[in-house]
Amino acid sequence: MEWIGMDWDEGPHKGGDFGPYLQSERLDIYRKHLETLAEGGHAYKCFCTADDLEAREEEITEEGGQWEGYDGFCRHLDDDEIAAKEAEGLPFAWRLRTPEEGSTFWYDIVLDKLEFQNELLVDRVIFKADGFPTYQFAVVVDDHDMGISHVLRGDDHVSNTPFQLLIYAAMGWKPPKFGHMPMILGPNKKRLSKRHGATNIGDFQNQGVLPAAMTNYLALLGWSPGGNADEVMTREAIIKKFSLKKVNSSPAAFDYDKLAHINSEHIKRLSADDRLDLAKPIVAKGGWSMDSDWLINGVEDDEGYLVRILGTLGNRFSNLVTLAEQIGFFFTEEHFVDQEAWNEHVAPESARAILVALSSAIEKTLDMDVAQPASAFEEVVRATAEEMGVKAGELIHPSRVALTGQTRSAGIFEVMELVGARRVVARMKNAANS
RNA sequence: GUCCCCAUCGUCUAGUGGUUAGGACACCGCCCUUUCACGGCGGCAACACGGGUUCGAUCCCCGUUGGGGAUGCCA
C-alpha cells in the first residue's frame, strides 16, 4: 500500500487517539461490548459443537430440507437448561439473536438501496468458544469505537453487511455509511488467481510498474473520468476528478495489456530528471559504472553517461524491467542477450564474416585512442557496405545484436558512440568467434 | 440449493426515451524508419435474449440466460 502512496491515519507502530490497535490488546473491549449485548438479550450462549451442527445438517438435508448455516437450536434454551449445560462444563459460543421478521436495509453509496429479509439471516457467532470475537463482531466494534464514518470495501462483503448492521442496531450504535465496490476479476472474468500472474501489488512492482501507473490503472477499473477525457492521470488529477457516485457497480476484468499501456504512458510523460532518478537505482543495483578506458565521446562521468544513454533511448522502454535490459549493455559484458536474435543475426557464417570485416574496418579507419562520434561510425559502416556491395542494413543488424544482444535498440550509430570504439570492435570480434 | 450483486465492442468504459452509440487497450492495414519503439493516418468490433410500457426503446419494468459473490466458532 505504501508503494502506491496510500497511508493510514493511525494504527500499530503509528499511534493515534483510538488505540489500542492490536486485536489481542482489545479483547477486554470486545468482552465489555458482548456483555452489553447479552444483558440486552441480543446475544445468547450456544452449546452446539461442530459435530452437533454437522449431524443436524445431514439430517435436515436428507429430509430434503434446507440448512441455512444454523437452525437456532440454542436460541430458545431457558435459564435452567443453560445452567445445566454450564454445570456440565460444556464450552459455548455467543450468537447474535437476529430478528425473525422485517428486513434490514441500507443505502449503499455505490449500489443504492440494498435490502435483506431478516428471516433469512441466521444467528451467527459473534464470540467463539475460545474466547475471541469473530471478525464480524470485531469490525463492528472497531469501526464504531474508532469513529469510522465510511466503510468502503469489495462487494464480496455485501452479504455480511446486514448482519453487521444488526449488531450496530443491537448495540444502539449509529452505523457508518457503506459503499461496496465491484470486484476485480481475472482476464478470463473468473476470480483473480495466481495463475493469471501478478495478483498483489508487490508483484507489479517487481515487473517494473510505476506506482503512479498502478494507481491510475486501478482507478480506471470501475470508474472512468468520462467521455473523451484522458485516461492517463496523475494521482492528483485522479483525486480531483474521482467521485464515488460515478463508480460502476459491475465487476471488472483485469487487463495486463492495458496496465502496461498506462505504465508506458506514465513513463513517456516523465521528465529527463525523473527518468534519471528511475535509472540510477538500476545502475546501482547492477554495480555498474563507466570506465574511462572506453573512450566515450563527450562523456565525463557516470551520471553524464547515464544521461546520454537515456537520451538516445527515448521512449524505447515501457517499464522498469525493459529499462534495465536497455541500459545494461552499455555498462557490462554480462548483459541480457536475446538468444533467438543472436542465432538469427550473429550465428550465421555470413553475419560473422560481416562482423569481422566491419570490425577491422573500424579499427583501421578510426583512431582507437580517441573518442569517436556517431557520425564517424556511420561513415565507416556505409563505406564498408559499399565496398562489400551490400546494403547498410546488412551490416547494421548483426552489429546491433553483437553490441546490444537485442534486435531493438536506439539508433545503432549512437549506440556505437556510447559503447566506444574499443568495445565496439571487441564485441564484434567476440561475436564473430563465438 | 438459498440469498445478494451485475450485464454497451474481445477488455476497461462514455452515453441517451429519438445519436452515424463516443473514447481507451488489444488486433489489422498504411506512412515514418538502419532495428525496435515512438508518432501520424485509417480499419475491424458492442447495446445478451424474450416479453411488456411507449409514437419510439440500448436507456424504464418483468422474466430468461450468463457471470460474479455470500452462504465458517476464517479474516
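Residues numbered from 1 in each chain as written. Chains lettered and ligands numbered in written order. Predicted model: local features only at pLDDT ≥ 70, side-chain atom pairs only at ≥ 80, totals over all residues. Heavy atoms only, no water.

## A few points about the protein's contact with RNA strand B
And step 1. Taken together, 55 residues sit near RNA strand B, with C48, S159, G222, R316 and S409 positioned nearest.
And step 2. Backbone atoms, meaning sugar and phosphate, make up 71% of the atoms of RNA strand B lying within 4 Å of the protein.
And step 3. Residue K128 places a side-chain N or O atom 3.1 Å away from a phosphate oxygen belonging to RNA strand B.
And step 4. A distance of 3.3 Å separates a sugar or linking oxygen of RNA strand B from a polar backbone atom of N315.
And step 5. Of all the secondary-structure elements, those providing two or more residues to the surface near RNA strand B are β4 (112-117), α4 (135-145), β9 (252-253), α9 (256-268), α16 (392-404) and α17 (412-419).
And step 6. Here the surface near RNA strand B takes four residues from α9, the largest share from any one element. (Near = heavy atom within 4 Å. Polar contact = N/O pair within 3.5 Å; in protein donor to acceptor, adjacent residues only side chain to side chain. Helix = DSSP H or I, 4+ residues; strand = E, 2+ residues; numbered from the N terminus.)

## A few points about the layout of surface pockets
And step 1. When its volume is computed, the second largest pocket comes out at roughly 300 Å³.
And step 2. In terms of lining residues, the second largest pocket is bounded by Q205, N206, G208, L278, P281, I282, K285, G286, W288, L320, V321 and A324.
And step 3. When residues in the lining of the second largest pocket are grouped by element, the largest group, five residues, is from helix α10 (residues 272-286).
And step 4. When grouped by side-chain class, the residues that make up the lining of the second largest pocket number seven nonpolar, four polar and one charged. (1 Å grid on protein atoms, 1.4 Å probe; cavity = no way out; pocket = protein on both sides within 12 Å on 5 of 7 lines; lining within 4 Å. Points joined across faces, edges and corners; volume = space filled by probe spheres on them. Nonpolar A, V, L, I, M, F, W, Y, C, P; charged D, E, K, R; others polar.)

## What to know about unusual backbone geometry
And step 1. For the bond running from G19 to P20, omega is -5 degrees, close enough to zero to count as cis.
And step 2. Relative to the helices and strands, P20 is located in the segment before α1 (27-39).
And step 3. Despite not being glycine, H13 shows a phi value in the positive range, around 65 degrees.
And step 4. We note that K189 has phi near 75 degrees; this positive angle belongs to a residue other than glycine.
And step 5. The topology assignment puts K189 in the loop between β8 (184-185) and α6 (201-206).

## Examining a nonpolar patch on the surface
And step 1. A cluster of nonpolar side chains, contributed by M1, M6 and W8, occupies part of the molecular surface with about 310 Å² of accessible area.
And step 2. As for its position among the elements, M6 is in the segment before α1.
And step 3. The class for M6 is partly exposed, based on a relative accessible area of 44%. (Patch = residues over 30% accessible without salt bridge, like charges linked within 9 Å, V, L, I, M, F, W, Y side chains within 5 Å. Areas by Shrake-Rupley, 256 points an atom, 1.4 Å probe, with all protein chains shown as cover. Salt bridge = Lys/Arg side-chain N within 4 Å of Asp/Glu carboxyl O. Buried < 20%, exposed > 50% of the residue type's maximum accessible area, 1.4 Å probe, protein only.)

## Quick word on the sheet that holds strand β1 (residues 43-46)
Strand pairs in the sheet, formed through backbone hydrogen bonds, run parallel or antiparallel to each other.
And step 1. With respect to topology, three strands assemble into an open sheet ordered β1-β2-β5, the strand pairing being antiparallel. Two strands close off the open sheet at either side, each with one partner strand: β1 and β5 (125-127). Strand-to-strand twist across the sheet, computed as the mean angle between neighbouring axes with direction ignored, equals 45 degrees.
And step 2. Sheet topology note: the β1/strand β2 (residues 93-96) ladder contains four bridges and is antiparallel. Counted as the bridge partner of C46 is A93 from β2.
And step 3. α1 rests against β1, β2 and β5 of the sheet, and its axis sits at about 125 degrees to β5. (Pairing = 2+ DSSP bridges. Axes fitted to C-alpha atoms, helices over the stretch in contact; angles between N-to-C directions. Contact = heavy atoms within 4.5 Å.)

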